[in-house]
Amino acid sequence: MNILKYCLSALAICSSMVAAAQGGVTEREAWFDFNFAARQAISASPASLDISSLPAGLHWFTMRVKDDQGVWSPAMTRAFIIPHEIDNSAATQIQRVEVWFDSVATVDISSLPAGLHSLTMRAQDDLGQWSSQKTVHFIIPHEEVEEDVELVRYCYWFDDDMANLVVGTLPVSGKTVAGVIEIDMATVPSGQHTIHWMIGASNGAWAGYYGEVNSMSFYNSRGDVNMDGDVDINDVTALIDYLLTGNTTGIDLEGANCDLFGGVDINDVTALIDYLLTGCW
């Protein structure tokens, strides 16, 4: 273990860059572990340096070069590790094995709760040397208990506004959902949105055992009378023109129903102007 060719090969880029920019490399210096006073001159790059006196562990190798103008390059540093030497020549067999779950030395998993766990193992030879630890992860699944439950409630919210989550009772007939759920869009601005919802069972769980959240993106066209993707004064103009002429060309009658009372009339103009002034319906 007396060469460091791989470090010097990586740092040969430094010599090449200086040579290309300045015309040639005239000197090279290298040192270990930031000990600049003990720097060594090296004659070529890549080259070999003696590291036999360095102890096992983490070390730092630094190198710089000087061009034919007498200018030194910035110092470049790389880390390397000298591993500890272990003599296993006399070892013949494994004498002992240890296994533990999580942080508990046991092979009985009956007492472990459901969820994610880790299994760690190591072995010891007849010289008393322990191997590295080997850890794997495993899951003990939750036991699904079948219950005679019914779907009884729902909740939904828009975008990330869980503070205004809406909870309601499902229209059910026996164990079948029968009916229509009305969603309040009064506070939802015009534009692109996402609605999230869950279904609740009679045992108190949301969306069955795993609590799934369902999501769907939609575009709220309310107020976008001229269908240009924006709600502004141009929609007011288009709505008034429609009321005066009855011409539906370029008009979204669903988006023109601004007061949500059905039909399109002067009250929708008022609702649209209020929205533009206040920012809410």
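Parameters at a glance
Residues numbered from 1 in each chain as written. Predicted model: local features only at pLDDT ≥ 70, side-chain atom pairs only at ≥ 80, totals over all residues. Heavy atoms only, no water. Salt bridge = Lys/Arg side-chain N within 4 Å of Asp/Glu carboxyl O. Helix = DSSP H or I, 4+ residues; strand = E, 2+ residues; numbered from the N terminus. Buried < 20%, exposed > 50% of the residue type's maximum accessible area, 1.4 Å probe, protein only. Pairing = 2+ DSSP bridges. Axes fitted to C-alpha atoms, helices over the stretch in contact; angles between N-to-C directions. Lys, Arg positive; Asp, Glu negative; His and termini not counted. Contact = heavy atoms within 4.5 Å. Expected span 1.5 Å × (residues − 1). Polar contact = N/O pair within 3.5 Å; in protein donor to acceptor, adjacent residues only side chain to side chain. pLDDT = per-residue confidence, 0-100.

Asker: Tell me about the pattern of salt bridges, residues and numbers included.
Answerer: Counted under the stated rule, the structure contains three salt bridges. One salt bridge in this structure joins K66 and E27, with 2.7 Å as the shortest N-O distance. Highlighted residues: K66 in strand 3 (residues 57–67) and E27 in strand 1 (residues 25–32), separated in sequence by 39 residues. By relative accessible area, K66 is classed as buried at 17%. Residue E27 is classed as partly exposed on the basis of its relative accessible area of 34%. A salt bridge links R39 to E29; the nearest nitrogen and oxygen atoms lie 3.3 Å apart.

Asker: Give me the sheet that holds strand 8 (residues 151–158): which residues, what numbers.
Answerer: Two strands in a sheet stick together by hydrogen bonds in their backbones, pointing the same way (parallel) or opposite ways (antiparallel). An order of 9-8-12-13 is seen for the four strands of this open sheet, with the pairing classed as antiparallel. Pairing within the sheet leaves two strands with one partner each, and these edge strands are strand 9 (166–169) and strand 13 (214–220). Averaged over all adjacent pairs, the angle separating strand axes in this sheet is 25 degrees, with direction ignored. Summarising the sheet, strand 12 (residues 191–201) and strand 13 pair through seven bridges and their orientation is antiparallel.

Asker: Kindly report on the side chain of D252, identifying the contributing residues and their values.
Answerer: Among the secondary structure elements, D252 is positioned in the loop between helix 3 (233–245) and helix 4 (253–256). Despite its burial, D252 remains without a salt bridge, the nearest opposite charge being carried by R222 at 11 Å. Not counting the four nearest positions on each side in its chain, D252 is found in contact with S221, D224, V225 and M227.

Asker: Break down the environment of S190 for me, with residues and values.
Answerer: Structurally, S190 can be placed in the loop between strand 11 (176–177) and strand 12. Residues S190 and G223 lie 33 residues apart in sequence; the distance between their C-alpha atoms is 6.8 Å. Here S190 is in contact with N220, R222, G223, V231, Y275 and W281, once residues within four sequence places are set aside.

Asker: Break down helix 3 for me, with residues and values.
Answerer: Over its 13 residues, helix 3 extends 18 Å from the first C-alpha to the last, a length consistent with the 18 Å expected when each residue adds 1.5 Å. Against helix 4 and helix 5 (266–278) lie the buried residues of helix 3. Capping the start of helix 3, D232 holds a side-chain oxygen 3.1 Å from the backbone nitrogen of N234, two or three residues further along. The positive-phi residue at the C-terminal boundary of helix 3 is G246, with phi of around 75 degrees.

Asker: Could you give an account of the sheet that holds strand 4 (residues 76–82), naming the residues involved and the relevant values?
Answerer: Pairing within the open sheet is antiparallel, and its four strands lie in the order 2-1-3-4. A single partner strand is all that each edge strand has here, and the edge strands are strand 2 (40–41) and strand 4. Bridge count for strand 1 against strand 3 is seven bridges, and the pairing is antiparallel. Residue pairing in the sheet places R28 in a bridge with V65 of strand 3.

Asker: Can you break down the confidence of the model for the chain residue by residue, with the values?
Answerer: Averaged over every residue, the pLDDT of the chain is 79; residues scoring 70 or more account for 78%. Mean pLDDT per element in the chain: helix 1 (residues 5–22) is the minimum at 48, and helix 3 is the maximum at 92. Predicted confidence for residues 1–6 stays below pLDDT 50, and this span has 21 contacts to residues more than four positions away or in other chains. Note on residues 17–22: pLDDT under 50 across the span, and 11 contacts to partners over four residues away in sequence or across chains.

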